[in-house]
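# Structural description and commentary
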Amino acid sequence: MGQSVAKVQLEDGLRKYRAGNYEGAIGKWKSVLSKVRSSNGQFTVLGYLVCAYFENGNYREMLKCAIRQFDIADKQDITEMKAEAYLNLARSNECLCEYYKAISYARHSLAIIVSQKEEKFFIKSQTHLCLAASYLGFGDFQSSISNANLALELARTSQEKTLECNVYSVYGDIFASLKDYEQSLGYYIQAHELVRRYGQKWSPKIQMWTLLDLAVPYRKLKRLNQAMDACEEVLKMSIKHNERMVQSRCLCILADIHRTKGDFQACYPRYESAIGFAIEANDRHAQIQIISGMAKALLLTKKTREAFEMFHRVLDLSRATGNKMFMLRCHWILMELNQRLNDPTSAHEHAIEFDKCIDDMELRCAVCQLVMGDKPNVLRVLACSHVCHSACVHKEVIRNSQPCPNCLRPHHESTQIYV
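All residue numbers refer to positions counted from 1 along the written sequence of the respective chain. Thresholds applied to this predicted model are a pLDDT of at least 70 for local features of residues and 80 or more for the giving and counting of side-chain atom pairs; totals over whole chains, interfaces and linings are not thresholded and use all residues. Only hydrogens and water are set aside when side-chain values are computed; all heavy atoms of the structure are taken into account.

## Considerations on the overall build of the protein chain
What the protein chain contains, in helices and strands, is 19 helices and two strands. Its C-alpha radius of gyration of 23 Å places the protein chain within 12% of the 22 Å reference for a compact globule of 419 residues. For the protein chain, the spread of C-alpha atoms along the principal axes amounts to about 75 × 55 × 40 Å. Across the protein chain, the fraction of contacts at a sequence separation of at least 24, relative to all contacts at a separation of at least 6, is 55%. Surface accessibility follows the Shrake-Rupley procedure with a 1.4 Å probe radius. Residue values consider only the protein chains on display as shielding. In the form shown here, the protein chain has an accessible surface area of approximately 19,700 Å², with 50% of it arising from carbon and sulfur atoms. Side chains of the protein chain carry 54 positive and 46 negative charges; the gap between the two charge centres is 3 Å. By definition, any uninterrupted DSSP run of H or I lasting at least four residues is a helix, any uninterrupted run of E lasting at least two residues is a strand, and each is numbered from the N terminus. Taken over C-alpha atoms, the radius of gyration is set against a globule rule of 2.2 Å times the number of residues to the power 0.38. The criterion used for residue contact is that any of the two residues' heavy atoms lie within 4.5 Å. Positive charge is attributed to Lys and Arg, negative charge to Asp and Glu, and no charge count is given to His or to the chain ends. By convention, the point assigned to a charge is CZ for Arg, NZ for Lys, CD for Glu and CG for Asp.

## Some words on the nonpolar core
Side chains of a nonpolar character, in soluble globular proteins, are inclined to be buried together. By convention a nonpolar core is built from buried Ala, Val, Leu, Ile, Met, Phe, Trp, Tyr and Cys residues, the set being connected through side-chain atoms within 4.5 Å. Buried residues are those whose accessible area, probed at 1.4 Å on protein chains only, stays under 20% of the maximum for their type, while exposed residues exceed 50% and partly exposed ones sit between those limits. Core analysis: the largest hydrophobic core is formed by 133 residues, its most contacted members being L49 and I290. By size, the runner-up hydrophobic cluster in this structure holds 10 residues, among which are L110, C130, Y135 and F138.

## Details of the side chain of R284
Within the secondary structure, R284 is located in helix α15 (residues 284-300). Under this definition, polar contacts are N or O atom pairs within 3.5 Å; protein pairs additionally need one hydrogen-donor-capable and one acceptor-capable atom, and for neighbouring residues in sequence, both atoms have to be side-chain atoms. Looking at R284, its side chain comes within polar contact range of the main-chain oxygen of L96, at 3.0 Å. Setting aside its immediate chain neighbours within four residues, R284 contacts L96, C97, E98, A320 and T321.

## Thoughts on the pattern of salt bridges
Salt bridges are defined as contacts in which a side-chain nitrogen from Lys or Arg sits within 4 Å of a carboxyl oxygen from Asp or Glu. Within this structure, the stated rule accounts for 14 salt bridges. Here K28 and D12 are joined by a salt bridge, their closest N and O atoms 3.3 Å apart. With K28 in helix α2 (residues 22-35) and D12 in helix α1 (residues 2-18), the pair connects residues that are 16 residues apart, well separated along the chain. Assessed through its relative accessible area of 26%, K28 is described here as partly exposed. Here K161 and E164 are joined by a salt bridge, their closest N and O atoms 3.7 Å apart. Here E164 and K161 lie together in helix α9 (residues 161-177), a separation of three residues that amounts to about one turn. Judged by relative accessible area, which is 27%, K161 ranks as partly exposed. Take E164: its relative accessible area is 8%, and that puts it in the buried class. Salt bridges sharing partners connect three or more residues here, namely D12, R15 and K28.

## Structural notes on α9
By this rule, a helix spans an expected 1.5 Å times one less than how many residues it contains. If you check α9, its first and last C-alpha atoms are 24 Å apart, about what 17 residues at 1.5 Å a residue would give, namely 24 Å. With 13 of 17 residues buried, α9 is to be regarded as a mostly interior element. Positive phi shows up at K179, right after α9, with a value of about 65°.

## Here we look at helix α11 (residues 204-220)
Helix length check: α11 (17 residues) gives 26 Å between terminal C-alpha atoms against 24 Å at 1.5 Å per residue, within 8%. When you tally the buried positions in α11, you get 14 out of 17 residues, the bulk of the element. A positive backbone phi angle near 65° is found at K222, which sits one or two residues after α11.

## As for the packing of α11 against helix α12 (residues 224-240)
It is the contact of α11 with α12, at a shortest axis distance of 8 Å, that shows an interaxial angle of 155°. In this view, α11 runs roughly antiparallel relative to α12, as classed from their interaxial angle. Crossing of α11 against α12: the hand is left-handed. Between α11 and α12, the contacting residues are Q207, M208, L211, L212, A215, Y218 and R219 on the first element and L224, Q226, A227, A230, C231, E233, V234, M237 and S238 on the second. Throughout, the ten residues Ala, Val, Leu, Ile, Met, Phe, Trp, Tyr, Cys and Pro are labelled nonpolar, Asp, Glu, Lys and Arg are labelled charged, and all others, Gly among them, are labelled polar. Partitioned by chemical class, the residues of the contact of α11 with α12 number 11 nonpolar, three polar and two charged. Simply put, an axis is a line fit to the C-alpha atoms, just over the touching stretch for a helix, and the angle between two N-to-C directions goes from 0 to 180 degrees. The cut-offs work like this: below 35 degrees is roughly parallel, past 145 is roughly antiparallel, 65 to 115 is roughly perpendicular, and the gaps in between are oblique. Helix crossings are classified by the rotation of the near helix relative to the far one: an anticlockwise turn of less than a right angle makes the crossing left-handed, while a clockwise turn makes it right-handed.

## Topic: the side chain of E243
Relative to the elements of secondary structure, E243 occurs in the loop between α12 and α13 (244-261). Not counting residues up to four positions away in its chain, the partners in contact with E243 are E55, K205, M208 and S238.

## Some remarks on unusual backbone geometry
In this structure, D77 takes a positive phi of about 55° despite not being glycine. For D77, the position within the fold is in the loop between α4 (59-76) and α5 (79-95). Classification of D77 by relative accessible area gives exposed; the value is 53%. Located in the positive-phi region is K222, a residue other than glycine, with phi close to 65°. Residue position: K222 is located in the loop between α11 and α12. According to the relative accessible area criterion, K222 is exposed, its value standing at 60%.

Rendered as C-alpha coordinates:
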(Lines give C-alpha, C1' and ligand atoms only; values in the text may rest on other atoms or scores of the structure.)
Protein backbone atom coordinates (compact mmCIF):
# COMPACT_ATOMS: atom_id res chain seq x y z
CA MET A 1 0.00 0.00 0.00
CA GLY A 2 2.75 2.42 1.00
CA GLN A 3 4.73 1.79 -2.21
CA SER A 4 1.60 2.36 -4.30
CA VAL A 5 0.99 5.72 -2.59
CA ALA A 6 4.64 6.63 -3.09
CA LYS A 7 4.39 5.90 -6.81
CA VAL A 8 1.31 8.13 -7.15
CA GLN A 9 3.08 10.94 -5.27
CA LEU A 10 6.19 10.51 -7.38
CA GLU A 11 4.19 10.92 -10.60
CA ASP A 12 2.27 13.83 -9.10
CA GLY A 13 5.61 15.47 -8.30
CA LEU A 14 6.73 14.96 -11.91
CA ARG A 15 3.58 16.68 -13.18
CA LYS A 16 4.17 19.63 -10.86
CA TYR A 17 7.82 19.81 -11.90
CA ARG A 18 6.95 19.87 -15.61
CA ALA A 19 4.41 22.62 -14.90
CA GLY A 20 7.10 24.72 -13.21
CA ASN A 21 5.69 24.23 -9.71
CA TYR A 22 9.02 23.32 -8.11
CA GLU A 23 7.94 23.90 -4.52
CA GLY A 24 5.02 21.53 -5.05
CA ALA A 25 7.28 18.93 -6.65
CA ILE A 26 9.77 19.19 -3.80
CA GLY A 27 6.98 18.67 -1.25
CA LYS A 28 5.75 15.54 -3.04
CA TRP A 29 9.20 14.05 -3.51
CA LYS A 30 10.26 14.67 0.07
CA SER A 31 7.15 12.77 1.12
CA VAL A 32 8.04 9.95 -1.26
CA LEU A 33 11.61 9.84 0.06
CA SER A 34 10.33 9.13 3.58
CA LYS A 35 8.33 6.14 2.27
CA VAL A 36 10.84 4.51 -0.08
CA ARG A 37 12.89 1.79 1.55
CA SER A 38 15.19 0.55 -1.24
CA SER A 39 18.52 2.30 -1.73
CA ASN A 40 18.01 2.48 -5.50
CA GLY A 41 14.61 4.08 -5.02
CA GLN A 42 15.98 6.64 -2.59
CA PHE A 43 18.82 7.46 -5.01
CA THR A 44 16.32 8.08 -7.81
CA VAL A 45 14.08 10.34 -5.69
CA LEU A 46 17.10 12.30 -4.48
CA GLY A 47 18.03 12.82 -8.14
CA TYR A 48 14.59 14.32 -8.76
CA LEU A 49 15.03 16.58 -5.75
CA VAL A 50 18.43 17.72 -7.03
CA CYS A 51 16.78 18.87 -10.28
CA ALA A 52 13.90 20.62 -8.46
CA TYR A 53 16.20 22.42 -6.01
CA PHE A 54 18.38 23.51 -8.93
CA GLU A 55 15.41 25.01 -10.78
CA ASN A 56 14.22 26.58 -7.52
CA GLY A 57 17.64 28.16 -6.90
CA ASN A 58 18.09 26.43 -3.54
CA TYR A 59 21.64 25.19 -4.04
CA ARG A 60 22.32 24.37 -0.39
CA GLU A 61 19.49 21.82 -0.36
CA MET A 62 20.61 20.62 -3.79
CA LEU A 63 24.05 19.94 -2.32
CA LYS A 64 22.57 18.07 0.66
CA CYS A 65 20.66 15.76 -1.69
CA ALA A 66 23.76 15.18 -3.80
CA ILE A 67 25.73 14.22 -0.67
CA ARG A 68 23.02 11.72 0.31
CA GLN A 69 23.11 10.34 -3.24
CA PHE A 70 26.86 9.82 -3.01
CA ASP A 71 26.55 8.05 0.37
CA ILE A 72 24.09 5.59 -1.19
CA ALA A 73 26.25 5.09 -4.29
CA ASP A 74 29.34 4.53 -2.17
CA LYS A 75 27.64 1.92 0.02
CA GLN A 76 26.18 0.16 -3.02
CA ASP A 77 29.52 0.51 -4.84
CA ILE A 78 27.75 1.06 -8.17
CA THR A 79 29.93 3.04 -10.55
CA GLU A 80 27.09 4.55 -12.63
CA MET A 81 25.43 5.86 -9.48
CA LYS A 82 28.76 7.30 -8.31
CA ALA A 83 29.22 9.11 -11.63
CA GLU A 84 25.79 10.74 -11.31
CA ALA A 85 26.35 11.62 -7.65
CA TYR A 86 29.73 13.20 -8.42
CA LEU A 87 28.10 15.23 -11.22
CA ASN A 88 25.40 16.51 -8.87
CA LEU A 89 28.02 17.39 -6.27
CA ALA A 90 29.93 19.28 -8.96
CA ARG A 91 26.87 21.16 -10.21
CA SER A 92 25.84 22.12 -6.67
CA ASN A 93 29.27 23.47 -5.81
CA GLU A 94 29.56 25.35 -9.11
CA CYS A 95 26.25 27.09 -8.37
CA LEU A 96 27.60 27.99 -4.90
CA CYS A 97 30.80 29.41 -6.48
CA GLU A 98 32.88 26.65 -4.87
CA TYR A 99 34.84 26.18 -8.07
CA TYR A 100 37.72 24.07 -6.73
CA LYS A 101 35.29 21.51 -5.33
CA ALA A 102 33.16 21.59 -8.48
CA ILE A 103 36.14 20.85 -10.71
CA SER A 104 37.35 18.04 -8.45
CA TYR A 105 33.95 16.32 -8.35
CA ALA A 106 33.43 16.77 -12.10
CA ARG A 107 36.80 15.15 -12.82
CA HIS A 108 35.84 12.19 -10.62
CA SER A 109 32.62 11.79 -12.61
CA LEU A 110 34.48 11.85 -15.92
CA ALA A 111 37.10 9.40 -14.65
CA ILE A 112 34.37 6.89 -13.79
CA ILE A 113 32.75 7.20 -17.22
CA VAL A 114 36.10 6.76 -19.00
CA SER A 115 37.02 3.75 -16.86
CA GLN A 116 33.71 2.06 -17.70
CA LYS A 117 34.13 2.83 -21.42
CA GLU A 118 30.41 3.57 -21.72
CA GLU A 119 28.72 6.34 -23.71
CA LYS A 120 26.89 8.21 -20.94
CA PHE A 121 25.93 11.23 -23.02
CA PHE A 122 23.93 13.06 -20.38
CA ILE A 123 26.43 12.70 -17.54
CA LYS A 124 29.45 13.32 -19.77
CA SER A 125 27.99 16.39 -21.47
CA GLN A 126 26.68 17.93 -18.24
CA THR A 127 30.05 17.33 -16.60
CA HIS A 128 31.89 19.17 -19.38
CA LEU A 129 29.34 22.00 -19.13
CA CYS A 130 29.92 22.21 -15.37
CA LEU A 131 33.69 22.25 -15.91
CA ALA A 132 33.35 25.02 -18.51
CA ALA A 133 31.39 27.19 -16.06
CA SER A 134 33.72 26.41 -13.15
CA TYR A 135 36.92 27.14 -15.05
CA LEU A 136 35.37 30.40 -16.24
CA GLY A 137 34.77 31.30 -12.59
CA PHE A 138 38.54 31.05 -12.08
CA GLY A 139 39.35 32.94 -15.25
CA ASP A 140 40.92 29.87 -16.87
CA PHE A 141 39.58 30.69 -20.31
CA GLN A 142 41.43 27.99 -22.23
CA SER A 143 40.06 25.18 -20.02
CA SER A 144 36.60 26.75 -20.06
CA ILE A 145 36.53 26.92 -23.87
CA SER A 146 37.89 23.37 -24.24
CA ASN A 147 35.16 21.93 -22.04
CA ALA A 148 32.45 24.06 -23.64
CA ASN A 149 33.53 22.75 -27.06
CA LEU A 150 33.30 19.15 -25.84
CA ALA A 151 29.87 19.78 -24.31
CA LEU A 152 28.63 21.34 -27.55
CA GLU A 153 29.91 18.41 -29.60
CA LEU A 154 28.02 16.00 -27.33
CA ALA A 155 24.91 18.19 -27.45
CA ARG A 156 24.90 18.10 -31.22
CA THR A 157 25.57 14.35 -31.33
CA SER A 158 22.64 13.65 -29.00
CA GLN A 159 20.52 16.51 -30.45
CA GLU A 160 20.04 17.90 -26.93
CA LYS A 161 18.85 21.46 -27.55
CA THR A 162 18.76 22.58 -23.91
CA LEU A 163 22.40 21.61 -23.48
CA GLU A 164 23.32 23.37 -26.72
CA CYS A 165 21.54 26.47 -25.43
CA ASN A 166 23.46 26.35 -22.14
CA VAL A 167 26.79 26.00 -23.97
CA TYR A 168 26.07 29.09 -26.08
CA SER A 169 25.37 30.95 -22.84
CA VAL A 170 28.78 29.91 -21.49
CA TYR A 171 30.46 31.08 -24.71
CA GLY A 172 28.64 34.39 -24.29
CA ASP A 173 29.89 34.65 -20.70
CA ILE A 174 33.47 33.95 -21.83
CA PHE A 175 33.51 36.71 -24.41
CA ALA A 176 31.65 39.13 -22.13
CA SER A 177 34.38 38.57 -19.51
CA LEU A 178 37.02 39.38 -22.14
CA LYS A 179 35.05 42.46 -23.34
CA ASP A 180 34.39 41.18 -26.85
CA TYR A 181 30.77 42.28 -26.57
CA GLU A 182 29.79 41.80 -30.21
CA GLN A 183 30.85 38.15 -30.15
CA SER A 184 29.30 37.71 -26.70
CA LEU A 185 25.99 39.08 -27.97
CA GLY A 186 26.13 36.73 -30.95
CA TYR A 187 26.29 33.66 -28.71
CA TYR A 188 23.59 34.95 -26.37
CA ILE A 189 21.34 35.53 -29.38
CA GLN A 190 21.93 31.93 -30.51
CA ALA A 191 20.90 30.70 -27.04
CA HIS A 192 17.81 32.92 -27.04
CA GLU A 193 16.89 31.74 -30.54
CA LEU A 194 16.98 28.11 -29.40
CA VAL A 195 14.58 28.98 -26.58
CA ARG A 196 12.30 30.72 -29.05
CA ARG A 197 12.29 27.72 -31.41
CA TYR A 198 12.28 24.78 -28.99
CA GLY A 199 11.85 26.09 -25.46
CA GLN A 200 8.08 26.35 -24.93
CA LYS A 201 8.27 23.46 -22.47
CA TRP A 202 11.67 24.31 -21.05
CA SER A 203 11.97 25.58 -17.51
CA PRO A 204 11.13 29.25 -16.83
CA LYS A 205 14.65 29.56 -15.43
CA ILE A 206 16.40 28.96 -18.76
CA GLN A 207 13.90 31.21 -20.55
CA MET A 208 14.64 34.04 -18.11
CA TRP A 209 18.42 33.65 -18.13
CA THR A 210 18.77 33.54 -21.91
CA LEU A 211 16.78 36.78 -22.22
CA LEU A 212 18.58 38.48 -19.33
CA ASP A 213 21.98 37.56 -20.77
CA LEU A 214 21.25 39.79 -23.77
CA ALA A 215 21.03 42.84 -21.52
CA VAL A 216 24.72 42.77 -20.57
CA PRO A 217 26.26 43.23 -24.05
CA TYR A 218 23.37 45.51 -25.04
CA ARG A 219 24.34 47.87 -22.20
CA LYS A 220 28.04 47.67 -22.98
CA LEU A 221 27.34 48.41 -26.64
CA LYS A 222 25.23 51.45 -25.59
CA ARG A 223 22.02 49.85 -26.80
CA LEU A 224 20.40 50.92 -23.56
CA ASN A 225 16.75 50.76 -24.61
CA GLN A 226 17.12 47.11 -25.68
CA ALA A 227 18.94 46.32 -22.44
CA MET A 228 16.18 47.99 -20.43
CA ASP A 229 13.41 46.16 -22.33
CA ALA A 230 15.06 42.77 -21.73
CA CYS A 231 15.52 43.47 -18.01
CA GLU A 232 11.96 44.69 -17.49
CA GLU A 233 10.51 41.62 -19.20
CA VAL A 234 12.68 39.28 -17.15
CA LEU A 235 11.86 41.13 -13.93
CA LYS A 236 8.16 40.48 -14.47
CA MET A 237 8.84 36.79 -15.09
CA SER A 238 11.12 36.49 -12.04
CA ILE A 239 8.50 38.06 -9.76
CA LYS A 240 5.86 35.66 -11.12
CA HIS A 241 8.09 32.62 -10.48
CA ASN A 242 9.61 34.01 -7.24
CA GLU A 243 13.13 33.69 -8.67
CA ARG A 244 15.23 35.65 -6.19
CA MET A 245 18.52 34.99 -7.97
CA VAL A 246 17.19 36.21 -11.30
CA GLN A 247 15.63 39.25 -9.61
CA SER A 248 18.96 40.21 -8.03
CA ARG A 249 20.86 39.96 -11.33
CA CYS A 250 18.07 41.80 -13.16
CA LEU A 251 17.99 44.66 -10.66
CA CYS A 252 21.78 44.88 -10.81
CA ILE A 253 21.76 45.28 -14.60
CA LEU A 254 18.96 47.86 -14.38
CA ALA A 255 21.07 49.76 -11.84
CA ASP A 256 24.07 49.49 -14.17
CA ILE A 257 21.96 50.98 -16.98
CA HIS A 258 20.96 53.93 -14.77
CA ARG A 259 24.63 54.36 -13.78
CA THR A 260 25.62 54.38 -17.45
CA LYS A 261 23.04 57.13 -18.01
CA GLY A 262 24.44 59.09 -15.05
CA ASP A 263 21.18 58.74 -13.08
CA PHE A 264 22.74 57.95 -9.69
CA GLN A 265 19.55 58.64 -7.72
CA ALA A 266 17.83 55.83 -9.63
CA CYS A 267 20.73 53.35 -9.66
CA TYR A 268 21.65 53.16 -5.97
CA PRO A 269 18.23 52.04 -4.62
CA ARG A 270 18.18 49.28 -7.26
CA TYR A 271 21.62 48.09 -6.16
CA GLU A 272 20.41 48.00 -2.55
CA SER A 273 17.35 45.93 -3.51
CA ALA A 274 19.54 43.65 -5.64
CA ILE A 275 22.03 42.95 -2.86
CA GLY A 276 19.21 41.92 -0.53
CA PHE A 277 17.94 39.35 -3.03
CA ALA A 278 21.48 38.13 -3.77
CA ILE A 279 22.20 37.53 -0.08
CA GLU A 280 18.85 35.76 0.34
CA ALA A 281 19.66 33.53 -2.64
CA ASN A 282 23.25 33.00 -1.39
CA ASP A 283 24.48 34.11 -4.83
CA ARG A 284 28.04 35.24 -4.17
CA HIS A 285 28.79 35.95 -7.81
CA ALA A 286 25.85 38.37 -7.96
CA GLN A 287 26.99 39.96 -4.70
CA ILE A 288 30.38 40.68 -6.27
CA GLN A 289 28.78 42.25 -9.35
CA ILE A 290 26.34 44.33 -7.30
CA ILE A 291 28.86 45.67 -4.78
CA SER A 292 31.25 46.43 -7.64
CA GLY A 293 28.49 48.42 -9.37
CA MET A 294 27.75 50.31 -6.14
CA ALA A 295 31.44 51.14 -5.74
CA LYS A 296 31.66 52.45 -9.31
CA ALA A 297 28.59 54.63 -8.68
CA LEU A 298 30.25 56.04 -5.55
CA LEU A 299 33.39 56.81 -7.54
CA LEU A 300 31.39 58.69 -10.15
CA THR A 301 29.77 60.77 -7.40
CA LYS A 302 33.22 61.65 -5.96
CA LYS A 303 32.77 59.53 -2.81
CA THR A 304 36.27 58.12 -3.07
CA ARG A 305 36.72 56.86 0.50
CA GLU A 306 33.39 54.97 0.50
CA ALA A 307 34.21 53.49 -2.92
CA PHE A 308 37.67 52.45 -1.67
CA GLU A 309 36.15 50.49 1.23
CA MET A 310 33.56 48.88 -1.04
CA PHE A 311 36.15 47.71 -3.56
CA HIS A 312 37.96 46.00 -0.69
CA ARG A 313 34.72 44.13 0.03
CA VAL A 314 34.59 43.09 -3.62
CA LEU A 315 38.20 41.91 -3.45
CA ASP A 316 37.50 39.84 -0.32
CA LEU A 317 34.49 38.16 -1.96
CA SER A 318 36.46 37.57 -5.16
CA ARG A 319 39.25 35.89 -3.22
CA ALA A 320 36.74 33.74 -1.32
CA THR A 321 35.29 32.42 -4.59
CA GLY A 322 38.60 32.36 -6.49
CA ASN A 323 37.23 34.67 -9.19
CA LYS A 324 40.46 36.01 -10.68
CA MET A 325 38.81 38.32 -13.20
CA PHE A 326 37.12 40.32 -10.46
CA MET A 327 40.33 40.15 -8.41
CA LEU A 328 42.26 41.57 -11.35
CA ARG A 329 39.83 44.46 -11.85
CA CYS A 330 39.79 45.25 -8.13
CA HIS A 331 43.59 45.33 -7.95
CA TRP A 332 43.71 47.77 -10.87
CA ILE A 333 41.10 50.10 -9.38
CA LEU A 334 42.61 49.90 -5.88
CA MET A 335 46.03 50.66 -7.34
CA GLU A 336 44.63 53.86 -8.88
CA LEU A 337 42.70 54.79 -5.71
CA ASN A 338 45.76 54.31 -3.51
CA GLN A 339 47.70 56.59 -5.84
CA ARG A 340 44.97 59.22 -5.39
CA LEU A 341 45.11 58.74 -1.61
CA ASN A 342 48.92 59.16 -1.59
CA ASP A 343 49.68 55.58 -0.54
CA PRO A 344 52.34 54.48 -3.08
CA THR A 345 53.27 51.34 -1.10
CA SER A 346 49.75 49.91 -1.28
CA ALA A 347 49.43 51.03 -4.90
CA HIS A 348 52.60 49.10 -5.77
CA GLU A 349 51.32 45.98 -3.94
CA HIS A 350 48.09 46.04 -5.96
CA ALA A 351 50.07 46.56 -9.18
CA ILE A 352 52.10 43.41 -8.42
CA GLU A 353 48.90 41.42 -7.73
CA PHE A 354 47.36 42.77 -10.93
CA ASP A 355 50.32 41.51 -13.00
CA LYS A 356 50.14 38.14 -11.23
CA CYS A 357 46.45 37.77 -12.18
CA ILE A 358 47.29 38.66 -15.80
CA ASP A 359 49.95 35.93 -15.90
CA ASP A 360 47.79 33.35 -14.10
CA MET A 361 44.96 33.83 -16.58
CA GLU A 362 47.23 34.05 -19.65
CA LEU A 363 45.59 37.35 -20.58
CA ARG A 364 48.44 38.63 -22.73
CA CYS A 365 47.94 38.14 -26.44
CA ALA A 366 50.59 35.64 -27.49
CA VAL A 367 51.34 37.64 -30.64
CA CYS A 368 51.48 41.30 -29.53
CA GLN A 369 51.86 40.69 -25.75
CA LEU A 370 49.25 43.35 -24.95
CA VAL A 371 46.64 42.61 -22.28
CA MET A 372 43.24 41.28 -23.37
CA GLY A 373 40.08 42.06 -21.46
CA ASP A 374 41.10 45.52 -20.26
CA LYS A 375 39.05 47.27 -22.97
CA PRO A 376 36.63 46.28 -25.76
CA ASN A 377 38.33 43.70 -27.98
CA VAL A 378 37.76 41.65 -31.12
CA LEU A 379 39.10 38.21 -30.25
CA ARG A 380 39.82 34.91 -31.96
CA VAL A 381 39.95 31.46 -30.40
CA LEU A 382 42.20 28.82 -31.93
CA ALA A 383 41.47 25.09 -31.97
CA CYS A 384 43.87 24.72 -29.02
CA SER A 385 41.46 27.05 -27.13
CA HIS A 386 44.03 29.82 -26.69
CA VAL A 387 42.68 33.34 -27.18
CA CYS A 388 44.39 36.10 -29.18
CA HIS A 389 43.42 39.39 -30.77
CA SER A 390 41.68 38.60 -34.03
CA ALA A 391 43.84 41.05 -35.97
CA CYS A 392 47.03 39.52 -34.53
CA VAL A 393 45.99 35.98 -35.39
CA HIS A 394 45.06 36.95 -38.93
CA LYS A 395 48.27 38.87 -39.42
CA GLU A 396 50.84 36.55 -37.83
CA VAL A 397 49.36 33.05 -37.55
CA ILE A 398 47.18 32.83 -40.64
CA ARG A 399 49.24 34.89 -43.10
CA ASN A 400 52.61 33.42 -42.15
CA SER A 401 51.35 29.91 -41.36
CA GLN A 402 52.81 30.09 -37.87
CA PRO A 403 51.77 27.73 -35.05
CA CYS A 404 49.86 28.96 -32.01
CA PRO A 405 52.38 31.14 -30.15
CA ASN A 406 51.33 29.72 -26.76
CA CYS A 407 51.35 25.95 -27.31
CA LEU A 408 52.98 25.67 -30.78
CA ARG A 409 50.04 23.72 -32.18
CA PRO A 410 50.38 23.68 -36.02
CA HIS A 411 48.58 26.41 -37.95
CA HIS A 412 46.47 24.01 -40.05
CA GLU A 413 44.88 22.72 -36.81
CA SER A 414 43.98 26.23 -35.69
CA THR A 415 40.39 27.27 -36.35
CA GLN A 416 37.85 29.49 -34.71
CA ILE A 417 35.82 28.42 -31.72
CA TYR A 418 33.67 25.31 -32.22
CA VAL A 419 30.39 26.60 -33.71
